Amino acid sequence: MSSNAIDAGKMAKLFMAGAKNLESKKEWINELNVFPVPDGDTGTNMTLTIMSAAKEVSALYDMGDIDMQSLCKAISSGSLRGARGNSGVILSQLFRGFTKVVKECESITIPVLAEAFEKAVETAYKAVMKPKEGTILTVAKGASIKARELADNGTEDMAQFLEQIIARAEEVLAQTPEMLPVLKQAGVVDSGGQGLVLVLQGAYDAYMGKEIDLTIKDTGASAGGMSAGVGVNAQANADIKFGYCTEFIIMLNKVFNIKAELDFKAYLESIGDSIVVVADEDVVKVHVHTNDPGLAIQRALKYGALSNMKIDNMRLEHQEKLFKQSQKEAAAVEAPSVQEQPKKDVGFIAVSVGDGINEIFKGLGVDYIIEGGQTMNPSTEDMLNAIDQVNADSIFILPNNKNIILAANQAQSLVKDKKIVVIPTKTVPQGITAVINYVPDMTVEENAETMTEEIHNVSTGQVTYAVRDTSIDDKEIKQGDFMGIGDSGILSVGTAVSEVTMSMIDEMMSDEGELISIYYGSEITEEDAEALRSQVEEKYSSCDIELQYGGQPIYYYIVSVE
């Protein structure tokens, strides 16, 4: 092999080095976010996405004798399922496109890299409904164009090739504030683009022989677990027929067609129950309750290598649960597992945070709550786990955050046995409005249209605090200030929560506003919330005012106007 070609073993090292470089600087990336809010955002999301794949790559690398096909499956599948937030989903799509090209090669040459960069950009742009320039997409495109130019000019030195691509990516990144005025006003470059540059720089350092610790730690939020999220459904039964909850992912090395899938399911049914088999292009996700996990694992190995294996003793867990319940002298009545529930025509999944808001969604008939939202964006895998738990032919997903919609769409594309409809709700109040407007007598398509129309009649404002000094939307913000953030920007800034909230509501109000809903967070007392409600009622006496406990962290108030 030429010294200017990269084999699978070296590619694995480059990928892990890129992941580690991003992970080490994730907090810096978070600080580049335009809005100075206390959320885990771009850096966190991109890191969790790439580390989900890096964990798979590390397992293969440790086994030795790694091949390009298996490596590409690990990168693509791990990142797709672990993707969180818009930046994470776009990063996963870049990897998906990249691996589509390189998986066909025994080693990666400069022409192959140029083609792979182009496919990466093409795939990522297709995943975003309205691509915006001045983002990670633009940085990736700049690197891709440079890669093609160098390859066509006959560049033969791989180190020089990679160095010039990164230099071009950095140049484009530096230009992002000129493409997006909001970046220029905040005095930052695009955080997603910066994250991508860090991945490329880490990979380049490894190529050049820099000694890097490639130990990949379990982040605790990887894509493999099937219990992510907090469901309305809980899994426990005093009469447990099959004692081990067994979960794993098969990384396919042979065709897994409909017949193979049916045969595999039939075998699992012969040794257990509560079976879920979700097949994708490269992987199969498996869940089964059985008394002999080894039999399920042995049969699965016929189709490929296994990863993300998890075996839980449900009888032991159940005994521990009963003990804790008796200690509390409380009898918790748990919902049946998905297989024990009666089949429904339509189900609902909502992303939510805060015990009060969770209860509101449950009261409206939502089947499964995924804990997440602003403070931690759930992954595509979390969405797939939730879908597995809802026994319905059609399922509506309410992301309730603009940074979660892409992950929900990605989950939708991976599910083949149920009809998944993503209602593009960007806030919790929009999600509540969507559920309220569901009409059982209407078709799924009619409901999707109606719900999508209705959410556009909801204006949302959220009050939190600033984690740094900045200037945005022509407002000077100091660290510790309270901010009222609306659908399209910062509406109010000040040093008192109630005053900032009232100013925010003033900015949100229009002549059409008839209903003001206020959800107060975990750090607001009921007394303070009632005082705010009185202020709002006095000023907007012609409107209906609703006050409800939300219990959400970080955001003192969430307010909607309809």
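In this report, the structure presented in the accompanying data block is examined. In this text the structure is predicted, and so the values were computed from the model without any measurement.

What follows deals with the overall build of the protein chain. Within the protein chain, the secondary structure is distributed over 20 helices and 18 strands. Taken across its 562 residues, the protein chain has 57% of its residues classed as buried. Considering only intrachain contacts with a sequence separation of at least 6, the fraction spanning at least 24 residues in the protein chain is 73%. Accessible area for the protein chain stands at about 24,400 Å²; split by element, carbon and sulfur atoms hold 49% of it.

Another aspect to go through is the packing of aromatic side chains. What characterises a pair of aromatic rings is the spacing of the ring centres plus the angle enclosed by the ring planes. Overall, the coordinates contain 11 aromatic pairs when judged by the stated rule. On the numbers, 5.2 Å between centres and 20 degrees between planes, the contact of phenylalanine 348 with phenylalanine 396 is stacked. In this pair, phenylalanine 348 sits in strand S7 (residues 344–352) while phenylalanine 396 sits in strand S9 (residues 392–398), placing the two residues 48 residues apart along the sequence. Side by side, phenylalanine 348 and phenylalanine 396 carry an identical accessibility label, which is buried. A ring pair is formed by tyrosine 465 and tyrosine 556, whose centres lie 6.5 Å apart and whose planes are at 50 degrees; its orientation type is tilted. Taken as a pair, tyrosine 465 in strand S11 (residues 459–465) and tyrosine 556 in the loop between strand S17 (544–549) and strand S18 (557–561) lie far apart in primary sequence, 91 residues in all. Exposure remark for tyrosine 465: the relative accessible area of 28% places this residue in the partly exposed category.

Mapped onto the fold, threonine 135 is located in the loop between helix H6 (110–127) and helix H7 (136–152). Of note is the side chain of threonine 135, whose polar atom sits 2.8 Å from the backbone oxygen of lysine 132. Residues in contact with threonine 135, not counting those within four places in the same chain, are Leu180 and Asp190.

Our next topic: the environment of threonine 215. By the element assignment, threonine 215 lies in the loop between helix H10 (191–207) and strand S3 (244–252). Residue classification places threonine 215 among the partly exposed positions, given a relative accessible area of 45%.

The buried count for S11 comes to 5 of 7 residues, which makes it a mostly enclosed element. With 5 bridges joining them, S11 and S18 adopt antiparallel strand pairing. Bridge assignment links serine 459 to a residue of S18, and that residue is valine 561. Summarising the sheet, S11 and strand S14 (residues 482–485) pair through 4 bridges and their orientation is antiparallel. Looking across to S14, one finds that valine 463 is bridged to glycine 484.

Turning our eyes to something else, we now look at the sheet that holds strand S4 (residues 272–279). An order of S4-S5-S3-S6 is seen for the 4 strands of this open sheet, with the pairing classed as antiparallel. Of all the strands in the sheet, just S4 and strand S6 (304–313) have a single pairing partner and so form its edges. Neighbour-to-neighbour, the strand axes of the sheet open up by a mean angle of 10 degrees, direction not taken into account. Each of S4 and strand S5 (283–290) is contacted by helix H15 (residues 380–389), which is oriented at about 45 degrees to S5, the strand it contacts most.

By secondary structure assignment, the location of threonine 123 is in helix H6. Among residues more than four places away in sequence, those in contact with threonine 123 are Gln93, Arg96 and Gly97.

Let us now look at helix H3 (residues 42–63). Taking 1.5 Å per residue as the helical rise, H3 with its 22 residues ought to reach 32 Å, and the 32 Å between its terminal C-alpha atoms agrees with that figure. When you tally the buried positions in H3, you get 17 out of 22 residues, the bulk of the element. Once H3 ends, the next one or two residues include glycine 64, with phi positive near 80 degrees.

Strand order in the open sheet made by the 4 strands is S8-S7-S9-S10, with parallel pairing throughout. On the outer flanks of this sheet lie strand S8 (368–371) and strand S10 (419–422), each paired with one strand and no other. Each strand of the sheet is rotated relative to its neighbour by a mean of 20 degrees, with strand direction disregarded. Alignment of S7 against S9, held across 6 bridges, turns out to be parallel. When the bridges of S9 are listed, isoleucine 349 appears paired with isoleucine 397. Of the strands in this sheet, S7, S9 and S10 are in contact with helix H18 (residues 444–455), which crosses S9 at around 10 degrees.

Ile50, Leu71 and Phe161 are the most contacted members of the largest nonpolar core, which has 84 residues in total. The greatest single-element share of this core, amounting to 10 residues, is contributed by H6. In this view, isoleucine 50 contacts Phe15, Gly18, Ala19, Leu22, Leu91, Phe95 and Val199; residues no more than four positions away in its chain are not counted. Ala466, Ile472, Tyr519 and Tyr555 belong to the second largest nonpolar core, which has 32 residues in total.

Once that is clear, we can look at the environment of isoleucine 50. With respect to the secondary-structure elements, isoleucine 50 resides in helix H3. With 41 residues separating them in the primary sequence, isoleucine 50 and leucine 91 have C-alpha atoms 7.9 Å apart.

Turning our eyes to something else, we now look at the packing of helix H1 (residues 8–24) against H10. Each pair of packed helices can be summarised by the angle the axes make with each other and by the distance between the axes. Where H1 meets H10, the closest approach of the two axes is 7 Å, and the angle between their N-to-C directions is 135 degrees. It follows from the interaxial angle that H1 and H10 lie oblique. Crossing geometry of H1 relative to H10 is assigned as right-handed. Along its contact with H1, which presents Lys10, Lys13, Leu14, Ala17, Gly18, Asn21 and Leu22, the element H10 presents Gly195, Leu198, Val199, Gln201, Gly202, Ala203, Ala206 and Tyr207.

With that out of the way, let us pick up the pattern of salt bridges. A full pass over the atoms with the stated rule returns 19 salt bridges. Across the salt bridge formed by aspartate 205 and lysine 210, the nearest N and O atoms sit 3.9 Å from each other. Given the relative accessible area of 25%, aspartate 205 is considered partly exposed. The salt bridge partner of lysine 419 is glutamate 445, with a shortest N-O separation of 3.6 Å. With lysine 419 in strand S10 and glutamate 445 in helix H18, this pair connects stretches of sequence that are 26 residues apart. One network of salt bridges, in which partners are shared, links Glu118, Arg148 and Asp152.

Quick notes on the rules
Residues numbered from 1 in each chain as written. Predicted model: local features only at pLDDT ≥ 70, side-chain atom pairs only at ≥ 80, totals over all residues. Heavy atoms only, no water. Helix = DSSP H or I, 4+ residues; strand = E, 2+ residues; numbered from the N terminus. Buried < 20%, exposed > 50% of the residue type's maximum accessible area, 1.4 Å probe, protein only. Contact = heavy atoms within 4.5 Å. Areas by Shrake-Rupley, 256 points an atom, 1.4 Å probe, with all protein chains shown as cover. Phe/Tyr/Trp six-rings, centres within 6.5 Å; stacked < 30°, edge-to-face > 60°. Polar contact = N/O pair within 3.5 Å; in protein donor to acceptor, adjacent residues only side chain to side chain. Pairing = 2+ DSSP bridges. Axes fitted to C-alpha atoms, helices over the stretch in contact; angles between N-to-C directions. Expected span 1.5 Å × (residues − 1). Core = buried A, V, L, I, M, F, W, Y, C linked by side-chain atoms within 4.5 Å. Parallel < 35°, antiparallel > 145°, perpendicular 65-115°, else oblique. Left-handed = near helix turned anticlockwise from the far one by under 90°. Salt bridge = Lys/Arg side-chain N within 4 Å of Asp/Glu carboxyl O.

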